[in-house]
Amino acid sequence: MPRQTDQISLLRTEADNRAVLLTIRQTQVELDLTGGGDTFSSKTTIEFDCAEQAETFLDFKGAELRSATVDGAPADVRSWSRGRLPLSLAAGPHTVVIDGVMSYSSDGEGLHRHVDPADQQTYLYAMSFLDAGPRWFACFDQPDLKSPYRLEVRAPEHWTVVGNGPSEVVAPGRWRITAERPLSTYYVTLVAGPYVSLFDSHDGIPLGLHVRASLAGPLEAEAADIFEVTKASLDYYHSVFGVRYPFGEYHQAFVPDFNAGAMENPGCVTFRDQLIFRARATASERASRAGVIAHEMAHMWFGDLVTMRWWDDLWLNESFAEYMAARCCDEVTRYPAWTEFGILRKDWGAVADQSPSTHPVAGNGSVDAQSALQDFDGISYAKGAAVLKQLVSALGDTVFLGGLRDYFERHAFGNAEFADLLAAWTRAGAVGLDHWAQQWLRTSGMDRIEVDRSGGSARVTRTPPMEVPADRTHAVTVASYNASGELLSSSGAAVGRQPVQVDLPNGTALVVPDAADSSWARIRFGDWSSALATLPLLSDSASRVVVLNAVRDAVRSAELNPAVALDALCTAARSEDSDVVLRSVLQFAQDQLAGPYAPPAERVRRTQLVNAAADDIVAASESGSDRQLAAFRIAIRSSDDADELHRWLRSELPTGVSLDPELSWAMVERLAILTADAELIEKALRDDPSASAEAHAARARAGLPTAAAKDAAWELLMRPSTTGAYELYATAEGFFVPTQVELTRPFVSAYFAEIADTARFRTGWALGQVALLSYPSSASTRSALELADRTLAETDLAPAVRRSLVDGTDRLRRAVSSLESFGG
C-alpha cells in the first residue's frame, strides 16, 4: 500500500502533453460507502479519445488497485506506482476501468470522514482540490481535462447524498448524481451522511443547505440570512455577467474539519461549518460569511464555467472571486464589504507580498501542482482583488464587464489563459493592457506611497520595491484632515513616476495619500506623531483603515516603536465603531505587540494594556451591542484575573452579554494558560461534547503551563496519529504561548530539528498548516533566528514545509529586528 507522501506531483510539461493527447468524453464513478473500517471501494470508468499512439498515465492514489482494464483487456496492476498507472494507448477511442480500494481521510482532503462526537454519526465529504481527486476516484487529474460525470453511490438508506448535479434515489440505499456539464477533476465532490437539510428556490434554481444533525438548530436560525445572501448574489451575477448560473441546482454544504473557508464545487459548494454559528454572532461575522458565499458563487463563472488551463493562472479564480464578492456584498446585500477587505484581507496580502516567498499575481510558472499550492495565498486573493479594483477605476465598468461577458461566452465550459482575458478586454475597448499587466500582475512586491509636507503643500511620491522596480501608477484620493479628524479637502491623483503636488488647507494636521483605500501600496504620512494623534478622531472609516494598516506595516518594518504603536492602537480602539476593525486591531496588539514584538519581561504588562482597553470599551458600549461583544471577547483572551474569568464562567457577566459555548471555551482556554487546571478542560468537554469543543480542548491542553502538557502536545504535532486536522491546528496554535518562553525554550530547537520529518506522514494542506501554526514565533531572539536560517539553508524540506518556514522566519526576523532597534 503506497503512502500518500510517496505520490508524484504532476509536472506542467506532463499536463501539457496529456492535454494535447487526450479528450475525455465521460467519467463514471461507482462508490460503495456501506462497509465498515477505514476504506471504501471506488470503481471508475473513463471514456476518452487519444489523438495518437502514445505512452501516458492515469492518476490513482488508492490503498489497493484491485483491477484495471483498457478496452476490456487487463492492464498490469503491478506497474501502478507512486499514484500513477502507466497506459500504452493507440490512437482512437478508449475505455479504462479502474477498480480500487480507497482510504477515508482525516486531513480534509480526498474523501474525508468525520464522526461527530455529539451523536457518533458518520459524515463524509470530498475535497478534490488541488490534486486530491485521485484519493477517492481514478482520473486524469489536471484542470484542462474536463468531462461530464456520473456518480453511482451506495450508502445507508437514511443518508443524504448530494454532489455536482441532481441527486436521485434509484433504489433503497442507492443514488445517482449526474453532472451533465464538463467538470475539472479538482472540483468534483460528494457530500454524504445523515445531514440535515433545508431547501428553497430562486429564479428557477433549486437551493439546498446541509449540516450535521448536531447543527440543525443553528442552521434553522441562520438559514434565512444565508438564503437571502444567496439569492441576492445570484441576481447580481446574472446581471453583471450576462450569463445565467450554468450548473442546475445550487447546494451549500457546511462540513466539518474543512481546511479552507470553502470550495467552489459546481452545484455543491462546501464550507467550513463554523460558518453556521452555534453562538451569538456579530453583524461583521455575518458579513464575513456573506463574503464567502458571494466569493464561492463568483467561482461558478470564474473557475468553473471557465477554468484556468494550469495552476499558475490560479489568480483568474481567486482574485476575481475576491473582487466580485466584495462588490456584490457592498451593492446588493445588507453587508458592506470594503472595510473588512481593507483591515483583514489587504493586511493578509501585504504580509505575503513582503515576504521572501512573494510572487507575482499572475504567471508564476509553477512547474508542478504542489509548487502551485504554495502560491495559494494573500497575493492570489487580496492583492489580485485590489489590483482589479485599480483596473476598474481605469477602464470603467462598461469595458471591464463587457470584456468579462466576451470571455465567458468564448470559453464557456472550457479552459483559458491570462492572454485570453486580456484579449477579451481589448475587444471591449481597453488599451494599454500589456503594460498594465506587466507592472501590476507580473511583478511582485509593494510600492511605497509617502507624503512629504512643506509649508502649505504636500508632495506625494511613489517608491517601487528595490527588488522589483515596477513602473506602476496608482489612482488614489489624497485627503487632508484637521487635528479633530474632520475632512478639509479631498482630490483624486495619479501617483506614478512623477511626484504629485497637493495644496493643503490651513489647519491640516494629517494628509492621507490613499484616503479611499483603493490602491495596493505601503502608506506613510511623513510624520507619525500627527498621524497617531489624529487616528482616533478620523471621521472617515476608509482613512482609518489606511492609517491602521500603515501602523502595522511600520511596526513589521522596524520603523515604528511597538510600544508607541500599542498605545496608539489601544487609544484608537476605544473610539472605533466597527467591530471588525476593533477586533483586528486589538488582536494585533495582543498577539504581536504584546507577543514577539515585546521583550519577554514586558509581555504581561503590554497584555494588561490591551485588556484595559477592552474593558473600557465593554463598559462604554451600548448594552447588547456587537461592539460590546467584540470587546468582551478580547477582554477574555487578554485577562490575567483568574477569579474574574471564573465569575464570568458562572454567568456573572456584564449587562448585555450572555454566556454561550464559544465564550465559555474562550474562558477555559485562558484559564488553562493562567492556572494549569486540566480538569476544567475535561469538564467543559463533558458539558459540550461537540466537534468544535474538541478543537477548543486541544488548544487549551497545549496551552497548559506544564512540561507534561507540552510533551503530550508535541507528540501530537511531530508524530503520526489519526488525530483530526482541526485538533492538530488548534494544538499548534496553543503551543508557543508568548508568556511561556522559559517553558517552551527546549521546543524551539526541537521544532527546527523535527519539522522536516513530518512530511513522512502528512501531505497537502495539513502538512503546511501544522508547520506554520506551530512555528516558534514567540521566541524572537537572534539565536532562534540563526537556527531558523540554518534549517532553511541546510535541510531538505518538502515544498509545503519550506514555504511555512520561509514565511515564519520572515516574521521572526522582523520581530527580532524591531526588538534590536527599539530595545529588548
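To keep things clear, this report deals only with the structure shown in the data block.

Observations concerning the nonpolar core
Thinking step 1. Leu33, Leu190, Tyr237 and Trp425 are the most contacted members of the largest nonpolar core, which has 193 residues in total.
Thinking step 2. Ranked by residues supplied to this core, first place goes to helix 4 (residues 314–332) with 11 residues.
Thinking step 3. In contact with Leu33, other than residues within four places in its own chain, are Phe40, Tyr104, Leu111, Leu124, Val153, Arg154, Ala155, Pro156, Trp159, Leu190 and Ala192.
Thinking step 4. Ala521, Val581, Phe588 and Met667 belong to the second largest nonpolar core, which has 83 residues in total.

Focus on empty space enclosed by the protein
Thinking step 1. The final tally for this structure, using the stated rule, is 7 cavities of 30 Å³ or more.
Thinking step 2. Approximately 210 Å³ is the volume found for the largest cavity.
Thinking step 3. Looking at the largest cavity, it is lined by 18 residues, and the ones nearest its centre are Met446, Ala521, Arg522, Ile523 and Asn549.
Thinking step 4. Residue composition of the lining of the largest cavity, grouped by class: 7 nonpolar, 3 polar and 8 charged.
Thinking step 5. Computed from the structure, the second largest cavity encloses a volume of approximately 110 Å³.

Notes on the environment of Leu629
Thinking step 1. Relative to the elements of secondary structure, Leu629 occurs in helix 16 (residues 626–638).
Thinking step 2. Leu629 sits in the buried class, given a relative accessible area of 2%.
Thinking step 3. With residues near it in sequence (within four places) discarded, Leu629 still touches Arg280, Thr282 and Leu663.

Comments concerning the pairing of strand 25 (residues 487–495)
Thinking step 1. Of the pairings in the sheet, the one linking strand 24 (residues 474–481) to strand 25 comprises 8 bridges and is antiparallel in character. For Thr477, the partnering residue across the bridge sits in strand 25 and is Gly492.
Thinking step 2. The hairpin formed by strand 24 and strand 25 contains 5 residues between the paired strands, and Gly485 there has a positive phi angle of roughly 80 degrees.

Digging into helix 7 (residues 378–395)
Thinking step 1. For helix 7, built from 18 residues, the straight-helix expectation of 26 Å at 1.5 Å per residue is met to within 8% by its first-to-last C-alpha distance of 24 Å.
Thinking step 2. A side-chain oxygen of the first residue of helix 7 lies 3.0 Å from the backbone nitrogen of Ile379; this N-cap is Asp377.
Thinking step 3. Taken from the residues just after helix 7, Gly396 is the one with a positive phi, measuring 85 degrees.

Observations regarding the pairing of strand 2 (residues 39–50)
Thinking step 1. Of the pairings in the sheet, the one linking strand 1 (residues 22–32) to strand 2 comprises 10 bridges and is antiparallel in character. By the bridge assignment for strand 2, Leu22 is matched with Cys50.
Thinking step 2. With antiparallel pairing between neighbouring strands as the criterion, strand 1 and strand 2 make up a hairpin whose turn holds 6 residues, including Gly37 at a positive phi of roughly 80 degrees.
Thinking step 3. Note that strand 2 and strand 7 (residues 92–103) share 12 bridges and pair antiparallel. Along strand 7, the bridge assignment pairs Thr44 with Ile98.

Details of unusual backbone geometry
Thinking step 1. Leu130 follows Phe129 through a cis peptide bond whose omega is -20 degrees.
Thinking step 2. Looking at where Leu130 falls in the secondary structure, it is placed in the loop between strand 9 (122–127) and strand 10 (147–154).
Thinking step 3. Despite not being glycine, Asp71 has its phi angle at roughly 55 degrees, a positive value.
Thinking step 4. Position of Asp71 relative to the elements: it lies in the loop between strand 4 (64–70) and strand 5 (73–74).
Thinking step 5. With a phi close to 60 degrees, Ala558 is a non-glycine residue in the positive phi region.
Thinking step 6. With respect to the element layout, Ala558 can be found in the loop between helix 12 (541–556) and helix 13 (562–574).

The rules behind these values
- Residues numbered from 1 in each chain as written.
- Predicted model: local features only at pLDDT ≥ 70, side-chain atom pairs only at ≥ 80, totals over all residues.
- Heavy atoms only, no water.
- Core = buried A, V, L, I, M, F, W, Y, C linked by side-chain atoms within 4.5 Å.
- Buried < 20%, exposed > 50% of the residue type's maximum accessible area, 1.4 Å probe, protein only.
- Helix = DSSP H or I, 4+ residues; strand = E, 2+ residues; numbered from the N terminus.
- Contact = heavy atoms within 4.5 Å.
- 1 Å grid on protein atoms, 1.4 Å probe; cavity = no way out; pocket = protein on both sides within 12 Å on 5 of 7 lines; lining within 4 Å.
- Points joined across faces, edges and corners; volume = space filled by probe spheres on them.
- Nonpolar A, V, L, I, M, F, W, Y, C, P; charged D, E, K, R; others polar.
- Pairing = 2+ DSSP bridges.
- Expected span 1.5 Å × (residues − 1).
- Polar contact = N/O pair within 3.5 Å; in protein donor to acceptor, adjacent residues only side chain to side chain.

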